[in-house]
Amino acid sequence: MPNADELLVAMCAMVESEQSNQMSLTVVVGGAVITGRLAPEAVWRERVSEVLRDSDRLGPFADVFTFDRREDRPDRGEVPTHLHFHLARILQGTLGIPETGGMYRVAIKDVSAWTVGDFSYSDK
């Protein structure tokens, strides 16, 4: 993967291998600042699927996220290509959108800057 930050890829690979969701990260992607915690892709997919399944209008899309597209890959140890955020917010001024945190998938190659940690703004 050209242009991908090796440290970011290594951190993502560690989250995937440890099946941990405790690594907080803030990234800049296309000028947007996204902050939250990383989750293993399988955990992220399952959670998105659960949210969709509970929706009357979006329920049919739930299966798209539970299907493991990686089954056809010959090497399951493949280098991660995406960050999977949960409890994440896009920071805009003094707001974090959504306030409760959302589920975001970000291509590692599109990250222009990053730092370890979760940021939040306050008017106080």
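Conventions adopted
- Residues numbered from 1 in each chain as written.
- Predicted model: local features only at pLDDT ≥ 70, side-chain atom pairs only at ≥ 80, totals over all residues.
- Heavy atoms only, no water.
- Core = buried A, V, L, I, M, F, W, Y, C linked by side-chain atoms within 4.5 Å.
- Buried < 20%, exposed > 50% of the residue type's maximum accessible area, 1.4 Å probe, protein only.
- Helix = DSSP H or I, 4+ residues; strand = E, 2+ residues; numbered from the N terminus.
- Patch = residues over 30% accessible without salt bridge, like charges linked within 9 Å, V, L, I, M, F, W, Y side chains within 5 Å.
- Areas by Shrake-Rupley, 256 points an atom, 1.4 Å probe, with all protein chains shown as cover.
- Salt bridge = Lys/Arg side-chain N within 4 Å of Asp/Glu carboxyl O.
- Expected span 1.5 Å × (residues − 1).
- Arc of directions from axis to C-beta.
- Contact = heavy atoms within 4.5 Å.
- Polar contact = N/O pair within 3.5 Å; in protein donor to acceptor, adjacent residues only side chain to side chain.
- Phe/Tyr/Trp six-rings, centres within 6.5 Å; stacked < 30°, edge-to-face > 60°.
- Pairing = 2+ DSSP bridges.
- Axes fitted to C-alpha atoms, helices over the stretch in contact; angles between N-to-C directions.

Draft legend 1. A look at the nonpolar core. Of all hydrophobic cores here, the largest spans 17 residues; its most connected members are Leu 25, Val 27, Leu 83 and Phe 85. When contributions to this core are tallied by element, the ones reaching two or more residues are helix 1 (6-18), strand 1 (24-29), strand 2 (32-38) and strand 3 (82-92). Ranked by residues supplied to this core, first place goes to helix 1 with 5 residues. Ala 39, Trp 44, Val 48 and Ala 62 belong to the second-largest nonpolar core, a separate cluster that totals 5 residues.

Draft legend 2. Spotlight on a nonpolar patch on the surface. Judged by side-chain polarity, Leu 58, Phe 61 and Val 64 come together as a nonpolar surface patch covering roughly 260 Å² of accessible area. Structurally, Phe 61 can be placed in the loop between helix 2 (41-53) and helix 3 (62-66). Owing to a relative accessible area of 48%, Phe 61 belongs among the partly exposed residues under this scheme.

Draft legend 3. Summary view of helix 1. In this model helix 1 runs 18 Å from its N-terminal to its C-terminal C-alpha over 13 residues, within 8% of the 18 Å that 1.5 Å per residue would give. Among all positions in helix 1, only Leu 8, Val 9, Met 11, Cys 12, Val 15 and Glu 16 are buried. What you see down the axis of helix 1 is that its buried residues fit within an arc of 165°, all on one side. Exposed residues lying more than 90 degrees from the buried face of helix 1 are Glu 6, Leu 7, Met 14, Ser 17 and Glu 18. Looking at the packing, one finds that the buried side of helix 1 touches strand 1, strand 2, helix 2, strand 3 and strand 5 (111-116). The backbone nitrogen of Leu 7 has a side-chain oxygen 2.8 Å away, supplied by the residue at the start of helix 1, namely Asp 5.

Draft legend 4. Molecular detail of the packing of aromatic side chains. Overall, the coordinates contain 1 aromatic pair when judged by the stated rule. Between Trp 44 and Phe 65, the aromatic rings sit 6.1 Å apart at their centres with planes inclined by 65°, giving edge-to-face as the arrangement. Placement of the pair is Trp 44 in helix 2 and Phe 65 in helix 3, with a sequence separation of 21 residues.

Draft legend 5. Spotlight on the sheet that holds strand 3. Pairing in this open sheet of 5 strands is antiparallel, and the strands run 4-3-2-1-5 from one edge to the other. Every interior strand has two partners, whereas the edge strands, strand 4 (95-107) and strand 5, have only one. Averaged over all pairs of adjacent strands, the angle between strand axes in this sheet comes to 35°, irrespective of strand direction. Bridge count for strand 1 against strand 2 is 6 bridges, and the pairing is antiparallel.

Draft legend 6. Focus on the pairing of strand 3. Direction of pairing for strand 2 relative to strand 3: antiparallel, over a ladder of 5 bridges. Bridging from a neighbouring strand, Thr 35 pairs with Arg 89 of strand 3. Inspection of the sheet shows strand 3 paired to strand 4 by 8 bridges, in the antiparallel sense. Within strand 4, the position partnered with Phe 85 by the bridge is Tyr 104.

Draft legend 7. Inspection of the pattern of salt bridges at higher detail. For the coordinates displayed, the defined rule picks out 5 salt bridges. Between Glu 41 and Arg 45 there is a salt bridge; the shortest N-O distance is 3.0 Å. Of this pair, Glu 41 and Arg 45 both sit in helix 2, 4 residues apart, roughly one helical turn. With respect to burial, Glu 41 and Arg 45 carry one shared label: buried. Among the salt bridges present, the one from Asp 118 reaches Arg 89, with a minimum N-O distance of 3.3 Å. One end of the pair, Asp 118, is in the segment after strand 5; the other, Arg 89, is in strand 3, with 29 residues separating them in the sequence.

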